[in-house]
Amino acid sequence: MIKEFIGTGATVEEATAAAKIGLNAPALANINVEVIAMPKKKILGIFGGHDAQVKVWYDDGVKEKKPQPKKEAPKKEAVKKAEKKPQPKKETLKNNDAPKAEVKEQKKEEVVATESDIDVNVAISYLKNILKGLKVEDAEVVANFNSGILEMEIQCEDYGIIIGRRGETLDSIQYLTSLALKKTCDKSVRVNLNVGNYREKRAETLKNLAHKNANYVLRTGRRFTFEPMNPYERRIIHTTVQEIEGVESLSIGYGQDRKVVLQPTGGVKPRRKSAPAKSVAPKADRSDLPKFGKIEVNKD
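Conventions and cut-offs
- Residues numbered from 1 in each chain as written.
- Predicted model: local features only at pLDDT ≥ 70, side-chain atom pairs only at ≥ 80, totals over all residues.
- Heavy atoms only, no water.
- Pairing = 2+ DSSP bridges.
- Helix = DSSP H or I, 4+ residues; strand = E, 2+ residues; numbered from the N terminus.
- Axes fitted to C-alpha atoms, helices over the stretch in contact; angles between N-to-C directions.
- Contact = heavy atoms within 4.5 Å.
- Parallel < 35°, antiparallel > 145°, perpendicular 65-115°, else oblique.
- Left-handed = near helix turned anticlockwise from the far one by under 90°.
- Nonpolar A, V, L, I, M, F, W, Y, C, P; charged D, E, K, R; others polar.
- Salt bridge = Lys/Arg side-chain N within 4 Å of Asp/Glu carboxyl O.
- Buried < 20%, exposed > 50% of the residue type's maximum accessible area, 1.4 Å probe, protein only.

## What to know about the sheet that holds strand S6 (residues 190-195)
The mixed open sheet is built from three strands, whose spatial order is S4-S5-S6. Looking at strand neighbours, the two that pair on one side only are strand S4 (140-146) and S6, the edges of this open sheet. Each strand of the sheet is rotated relative to its neighbour by a mean of 20°, with strand direction disregarded. Two elements, S4 and strand S5 (residues 149-155), share seven bridges in a ladder whose sense is antiparallel. When the bridges of S5 are listed, Glu 140 appears paired with Gln 155. Packing against the sheet, helix H3 (residues 120-133) makes contact with S4, S5 and S6, and its axis sits at approximately 40° to S5.

Below is the structure:
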């Protein structure tokens with residue numbers, strides 16, 4: 001393989017020395033020298049003139065590798081055609097070979113606990129711990145399983161803190177007790193917690209409210225909406241209204257904001273706006289006027 005270098009200088013000797021330095025050939029190499037241009041002086045030391053140029057080269061004995069031509073990348077169209085191979089036709093399934101439809105998993109019905117599944121002593125102990133946290137002293141708890149419901153009654157002197165505002169605290173304790181029992185037996189347990197006959201008194205109050213507001217709906221033809229209630233109290237309102245003709249009840253809202261609405265059967269009918277009565281001025285009394293109009297009389 002031929003290696004070469006071109007050097008420049010003021011004289012041929014300087015250009016040759018510069019070329020050999022640039023070539024950096026080994027000591028035993030056979031260096032060839034060729035003068036490309038002789039030096040030329042400048043006219044008046046300003047115009048024209050150039051340095052000498054000398055080319056030196058040698059053969060290092062290594063064969064030069066010829067560059068191989070680059071392979072052209074296949075065109076996109078050809079690649080797409082190669083990828084799309086004819087697929088075998090799928091055989092049509094017969095009626096007997098058709099895949100069966102997936103059967104949706106049915107929701108498992110919640111298993112309700114029986115009397116043998118519930119440890120009443122655990123329920124009483126759990127409830128007493130809650131009462132201790134509320135600082136209720138000398139409280140006694142009586143429990144009895146009746147018709148699938150664990151009826152529990154608290155007996156104490158001051159039960160206002162247990163009931164809370166509109167029975168919210170009592171309902172919360174009842175719910176927690178139900179969850180604790182469900183955890184012990186892994187079955188759903190219905191608990192009815194009562195204190196100081198609060199449930200009976202509250203039911204009577206709700207019935208009276210249902211009758212009172214049903215009469216209001218019948219009298220005015222308008223709706224009436226109760227405040228949010230729990231499912232037990234809403235059920236009392238619905239049951240009471242079913243016995244009253246001309247009024248129906250329905251529930252609206254979600255979660256703790258669910259309310260009962262009373263309205264006339266079939267819904268509230270829009271009222272027609274009656275036109276205001278025109279005021280008519282009273283007729284003047286003309287009985288003292290003559291029949292043919294006013295007649296002037298000369299008094300002179």
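## Examining the packing of helix H6 (residues 198-220) against helix H7 (residues 231-241)
The contact between H6 and H7 brings their axes to 9 Å, and the two run at 45°. Taken as axis vectors, H6 and H7 run oblique relative to one another. In this structure, H6 crosses over H7, and the sense of that crossing is right-handed. Residues Tyr 198, Arg 199, Arg 202, Ala 203, Leu 206, Lys 207, Ala 210 and His 211 of H6 lie in contact with H7, whose contacting residues are Tyr 232, Glu 233, Ile 236, Ile 237, Thr 240 and Val 241. Taken together, the residues of the contact of H6 with H7 break down into eight nonpolar, two polar and four charged.

## Remarks on the sheet that holds strand S2 (residues 32-37)
Strand order in this open sheet of three strands is S1-S3-S2, and the pairing throughout is antiparallel. The open sheet has two edge strands, strand S1 (2-9) and S2, and neither has a second partner. For this sheet, the mean angle separating the axes of adjacent strands, direction not counted, is 25°. When S2 meets strand S3 (residues 52-59), the two strands line up antiparallel, connected through five bridges. Of the residues in S3, the one forming a bridge with Glu 34 is Lys 55. Running at roughly 140° to S1, helix H1 (residues 12-23) makes contact with S1, S2 and S3 of the sheet.

## A few points about the pattern of salt bridges
Once their charged atoms are close, side chains differing in charge can pair, the charge on each being opposite to the other. The final tally for this structure, using the stated rule, is seven salt bridges. A salt bridge links Glu 168 to Arg 165, with the shortest nitrogen-to-oxygen separation between them at 3.4 Å. For Glu 168, a relative accessible area of 45% gives the class partly exposed. As a salt-bridge pair, Arg 199 and Asp 171 come within 2.9 Å of each other at their nearest N and O atoms. Of this pair, Arg 199 sits in helix H6 while Asp 171 sits in helix H5 (residues 168-185), and the two are 28 residues apart along the sequence. Residue classification places Arg 199 among the buried residues on the basis of a relative accessible area of 8%. Each of Glu 4, Glu 34 and Lys 55 takes part in a single network of salt bridges with overlapping partners.

Function cannot be inferred from these measures alone, as they are strictly geometric.
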